[in-house]
Amino acid sequence: MQKPSWLKTKIPSGEKYFSLKKILKENKIFTVCEEAKCPNIGECWNRNTLTFLILGDICTRHCKFCNVKKDIPSEVDKDEPKRLARIVKKLNVKHVIITSVTRDDLEDGGATIFCETLRELRKINSKIVVEFLIPDFNGNLNSLNNVFNENPDILGHNLEVPENIYPKIGRERCLYNRSLNILKKAKENELTTKSGIMVGIGETINDIIKTFRDLNSINCDFLVIGQYLSPSIGHIKVEKYYSPEEFETLKEIAMRYGFKNVISHPLARSSYRADELFRDVRYRQ
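None of the values given here were measured: they were computed from a predicted structure. (Residues numbered from 1 in each chain as written. Predicted model: local features only at pLDDT ≥ 70, side-chain atom pairs only at ≥ 80, totals over all residues. Heavy atoms only, no water.)

Chemist: Would you mind showing me how to read the side chain of His-157 here?
Modeler: With respect to the helices and strands, His-157 occurs in the loop between β7 (154–156) and α7 (174–188). Those residues within four positions of His-157 in sequence are excluded, and the remaining contacts are Leu-133, Ile-134, Pro-135, Asp-136, Ser-179, Ile-182, Leu-183, Lys-194 and Ser-195. (Helix = DSSP H or I, 4+ residues; strand = E, 2+ residues; numbered from the N terminus. Contact = heavy atoms within 4.5 Å.)

Structure, rendered in structure tokens:
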């Protein structure tokens, strides 16, 4: 299926982009922007926004839609939180987004490093906005509670796709409810919550609306809707390319379900314009 014109992006370039790339490489800091081949990397990096990837660059799960490397991960880098905080300070990033690979090999799923990273960021700037995009930590309640207790400004956890599509991406349906419960528990801890889904993998409009309803039932604050793009021929194929107009319609429908703000765009990803999504709501309050 030929990719439509609205999904074509410019090759990343510019002094800011290459400077960031050099700094990250020299300091052994990973970003999901690079590892997941995000189509917005050029735009975001030239705006000085990026999503840091902690706990290495190798994931222990084998999701059929993701481009992040799958293998046996290396040992946890205990100096990573401090090193990342130093880079954030050097780059003067005001809205920091932290995500990670899934580390099922670790007893706590990597929650300790999330917590330590937030503490180090608070040390360098108490007013910095910290957004977490966490994995499910294998449902470990202690890990989740430890992260919640650190009080990130935004707690993100993606449903990824509607429930009916879970088998297609290699996930059991029960994991959909696990993810909903994670967002629910975060809300019970009075955190601002955020989730994201991809479309174009064979879902129906009713599947999408059910997802909106499910997120509404747990009072999720923010939602990001983006077009699934297959990273390679070895990944799940795209079944439909939604037009920009269709994404606008999805946003209009989603907003009826009580979200504070929704980003719905063909190139939107979990962290796309995250600073604006959060700032717009705070400005209106």
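Chemist: Could you clarify how one ought to interpret the packing of aromatic side chains in this entry?
Modeler: The relative placement of two aromatic rings is captured by the distance of their centres and the angle of their planes. Per the stated rule, a full pass over the model turns up six aromatic pairs. Aromatic side chains Phe-212 and Tyr-257 sit 6.2 Å apart centroid to centroid with 50° between the ring planes, which places their arrangement in the tilted category. Taken together, the residues Phe-212 in helix α8 (residues 205–217) and Tyr-257 in the loop between α9 (244–255) and β10 (261–265) connect sequence positions 45 residues apart. Here the guanidinium or amino end of Lys-240 rests over the ring plane of Tyr-242, the centre of that ring lying 4.7 Å away. (Phe/Tyr/Trp six-rings, centres within 6.5 Å; stacked < 30°, edge-to-face > 60°. Lys NZ or Arg CZ within 6 Å of the ring centre and 35° of its normal.)

Chemist: Explain empty space enclosed by the protein to me, please; I cannot follow it from the model alone.
Modeler: Gaps between atoms show up when a probe of the same size as a water molecule is rolled over them. Per the counting criterion, the structure on display carries two cavities of 30 Å³ or more. Its boundaries defined by the atoms lining it, the largest cavity holds a volume of some 50 Å³. Glu-131, Leu-133, Gly-156, Asn-158, Lys-194, Ser-195, Gly-196, Val-224, Ser-270 and Ser-271 together form the lining of the largest cavity. Breaking the lining of the largest cavity down by element, the ones donating at least two residues are β6 (129–133) and β8 (193–199). If you tally residues by element for the lining of the largest cavity, the top one is β8, at three residues. Here the residues of the lining of the largest cavity sort into two nonpolar, six polar and two charged. Lining the second largest cavity are Arg-47, Thr-49, Leu-50, His-95, Ile-97, Ser-271, Arg-273, Ala-274 and Asp-275. When contributions to the lining of the second largest cavity are tallied by element, the ones reaching two or more residues are β5 (95–100) and α10 (274–284). Along the lines of polarity and charge, the residues of the lining of the second largest cavity split into three nonpolar, three polar and three charged. (1 Å grid on protein atoms, 1.4 Å probe; cavity = no way out; pocket = protein on both sides within 12 Å on 5 of 7 lines; lining within 4 Å. Points joined across faces, edges and corners; volume = space filled by probe spheres on them. Nonpolar A, V, L, I, M, F, W, Y, C, P; charged D, E, K, R; others polar.)

Chemist: I'm lost on the sheet that holds β5 in this one. Help?
Modeler: Judged by pairing direction, the sheet is mixed, and its eight strands sit side by side in the order β1-β2-β5-β6-β7-β8-β9-β10 without closing on themselves. With partners counted over all chains shown, the strands left at the sheet margins are β1 (30–31) and β10, one partner each. Looking at chain direction, β6 and β7 are connected through three bridges and run parallel. Bridge pairing in β7 places Phe-132 opposite Leu-155. In the packing of helix α4 (residues 80–91) onto the sheet, the strands contacted are β2 (51–54) and β5, and the crossing angle to β2 comes to about 165°. Sheet contacts for α9: β8, β9 (222–227) and β10; angle to β10, the most-contacted strand, approximately 160°. (Pairing = 2+ DSSP bridges. Axes fitted to C-alpha atoms, helices over the stretch in contact; angles between N-to-C directions.)

Chemist: Just to check I follow, could you spell out α7 for this structure?
Modeler: One turn of the α-helix equals 3.6 residues, which is why residues spaced by three or four share an orientation. Across its 15 residues, α7 extends 21 Å between first and last C-alpha, which sits within 8% of the 21 Å expected from 1.5 Å per residue. The set of residues buried in α7 consists of Leu-175, Tyr-176, Ser-179, Leu-180, Ile-182, Leu-183 and Ala-186. All buried residues of α7 lie within an arc of 150° about the axis, which places them on one face of the element. In this structure, the buried side of α7 is in contact with α6 (141–149), β7, β8 and α8. Glu-190 lies just past α7 and shows a positive phi near 65°. (Expected span 1.5 Å × (residues − 1). Buried < 20%, exposed > 50% of the residue type's maximum accessible area, 1.4 Å probe, protein only. Arc of directions from axis to C-beta.)

Chemist: Which parts of the structure should I look at to understand the pattern of salt bridges?
Modeler: Oppositely charged side chains can form a pair if their charged atoms are brought close together. As enumerated under the stated definition, the model contains 14 salt bridges in all. Of the charged contacts in the structure, one is a salt bridge between Arg-178 and Asp-136, with a shortest N-O distance of 3.2 Å. You can see Arg-178 sitting in helix α7 and its partner Asp-136 sitting in the loop between β6 and α6, a full 42 residues away along the chain. Its relative accessible area of 27% is what places Arg-178 among the partly exposed residues. Overall, the relative accessible area of 6% leaves Asp-136 in the buried class. Here Lys-260 makes a salt bridge to Asp-221, at a shortest N to O gap of 3.4 Å. On the criterion of sequence distance, the pair formed by Lys-260 in the loop between α9 and β10 and Asp-221 in the loop between α8 and β9 is long-range, its members being 39 residues apart. (Salt bridge = Lys/Arg side-chain N within 4 Å of Asp/Glu carboxyl O.)

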